[in-house]
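What the coordinates show
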Amino acid sequence: MPASERIPARGLLTGAALRTLLAEGELTVLGQVRGASNAVLYCTVAHEGEERPCVYKPVAGEQPLWDFPDGTLAQREVAAYEISEATGWGLVPPTVLRDGPYGQGMCQLWIEADEAAEAAEEGAAVLPPLLALVEDEEPGEGWKAVGFAEVGEGRTALLVHADDPRLRRLAVLDAVINNGDRKGGHLLPAPGGRLYGIDHGVTFNADDKLRTLLWGWAGEPLTAEAVEVLDRLAAGLEPGTGLATRLAELITEAELDALRGRVAALRASGRHPQPSGEWPAIPWPPV
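Residues numbered from 1 in each chain as written. Predicted model: local features only at pLDDT ≥ 70, side-chain atom pairs only at ≥ 80, totals over all residues. Heavy atoms only, no water.

Let us look at the pattern of salt bridges. Applying the stated criterion to the full structure yields 16 salt bridges. With a closest N to O distance of 2.8 Å, D164 and R166 form a salt bridge. Here D164 matches R166 in class, with each residue buried. Its salt-bridge partner being D174, residue R182 comes within 2.7 Å of it at the nearest N-O pair. (Salt bridge = Lys/Arg side-chain N within 4 Å of Asp/Glu carboxyl O. Buried < 20%, exposed > 50% of the residue type's maximum accessible area, 1.4 Å probe, protein only.)

The following block contains the structure:
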């Protein structure tokens, strides 16, 4: 959708008020985001004098996948938000499950990544790029190597991502939720230095499905912050807790058990995971 057709996001509501707006507000469909595998509708949501841009993905617009139960992607997006909130990192935009013009679906606050550039024009710090292709054999200072990619005419270049603490947190989150599709286009820098990850429909599979561009820390020790977050998350996922109860309404019992197992494995190893070799490690296309 052209930027000229998007409405500007105003100052964000926070916490329960924002979730209420998304869950109970009136959805007005303005257009469709093209190029997505499933139906992605650009909307506004209005409630009690507040209005925000949002994304609405109806379950009816989901394409069947061979390795996920039909009609479950919206719930997985909400589950990813629940885990993000439980970490305290706030890496996933506020997301709810609700009814809309085309039936039940997920509704998520719209994050306009271009606003980062607008913020820079107003005097905020300019955010560095997160991904790059370089001609060198090794990543330069401040970068982590992902792997070599074909760039045409028999040439290859090294794909790298920034050695950025925001990306490192996202890499941990992806390992926890078993994200099968962390592409470059799913990384949204926002004003104030925030970074969001979006498109979490193919997550929480009971089998190892981790596919990501954020392999630069593979095998390296987790940060002390990540270890603390994983310890807290493990406690929050114990049966009978509020988080576990909410997740049980969104993913299967086997998937919830596998989620607990991934958290336990990360805590036991104390390291970022490495590609299993049993599943393509890099999503395609990568952006």
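So much for the structure itself; the text now carries on.
For the rest of this paragraph, the subject is the side chain of N205. Structurally, N205 can be placed in the loop between β10 (195-197) and α5 (224-236). With sequence-adjacent residues up to four places away left out, N205 is seen in contact with D67, F68, R76, N178, E255 and R262. (Helix = DSSP H or I, 4+ residues; strand = E, 2+ residues; numbered from the N terminus. Contact = heavy atoms within 4.5 Å.)

The next point concerns empty space enclosed by the protein. This model, assessed by the stated rule, comprises 1 cavity of 30 Å³ or more. Computed from the structure, the largest cavity encloses a volume of approximately 60 Å³. If you go around the largest cavity, the residues you meet are A171, D174, L210, T212, L214, W215, A218, H272 and P273. Residues belonging to the lining of the largest cavity are distributed by class as follows: 6 nonpolar, 2 polar and 1 charged. (1 Å grid on protein atoms, 1.4 Å probe; cavity = no way out; pocket = protein on both sides within 12 Å on 5 of 7 lines; lining within 4 Å. Points joined across faces, edges and corners; volume = space filled by probe spheres on them. Nonpolar A, V, L, I, M, F, W, Y, C, P; charged D, E, K, R; others polar.)

This part is about the layout of surface pockets. Estimated volume of the largest pocket: approximately 1,200 Å³. Lining the largest pocket are 47 residues; nearest its centre among them are A36, K57, D181, H186 and D199. Listing elements by their share of the lining of the largest pocket, those giving two or more residues are β3 (50-58), α2 (73-87), β5 (103-109) and β9 (187-189). Per-class residue counts for the lining of the largest pocket are 24 nonpolar, 10 polar and 13 charged.

Quick look at the sheet that holds strand β8 (residues 155-162) now. Reading across from one edge, β6-β8-β7 is the order of the 3 strands in this open sheet, with antiparallel pairing throughout. Of all the strands in the sheet, the pair left with one neighbour each is β6 (131-134) and β7 (143-152). On average, adjacent strands in this sheet sit at an angle of 30 degrees to one another, irrespective of strand direction. The pairing of β6 with β8 spans 4 bridges and is classified as antiparallel. Across the sheet, L131 pairs through a bridge with H161, a residue of β8. (Pairing = 2+ DSSP bridges. Axes fitted to C-alpha atoms, helices over the stretch in contact; angles between N-to-C directions.)

Counting residues in each nonpolar core, the largest one holds 40 residues, and the members touching the most others are I83, V176 and L259. Only α2, α4 (165-177), α5, α6 (242-248) and α7 (253-269) provide two or more residues apiece to this core. Top element by residues in this core is α4. It accounts for 8 residues. By size, the runner-up hydrophobic cluster in this structure holds 17 residues, among which are C43, C107, L109 and A190. (Core = buried A, V, L, I, M, F, W, Y, C linked by side-chain atoms within 4.5 Å.)

Turning our eyes to something else, we now look at the pairing of β3. In terms of burial, β3 is largely enclosed, as 7 of its 9 residues are buried. Bridging between strand β2 (residues 41-47) and β3 involves 7 bridges; their strand directions are antiparallel. Bridge pairing links C43 to C54 in β3. Between the antiparallel neighbours β2 and β3 lie 2 residues, among them E48 with a positive phi of about 50 degrees. Both β3 and β5 contribute to a ladder of 5 bridges, which runs antiparallel.

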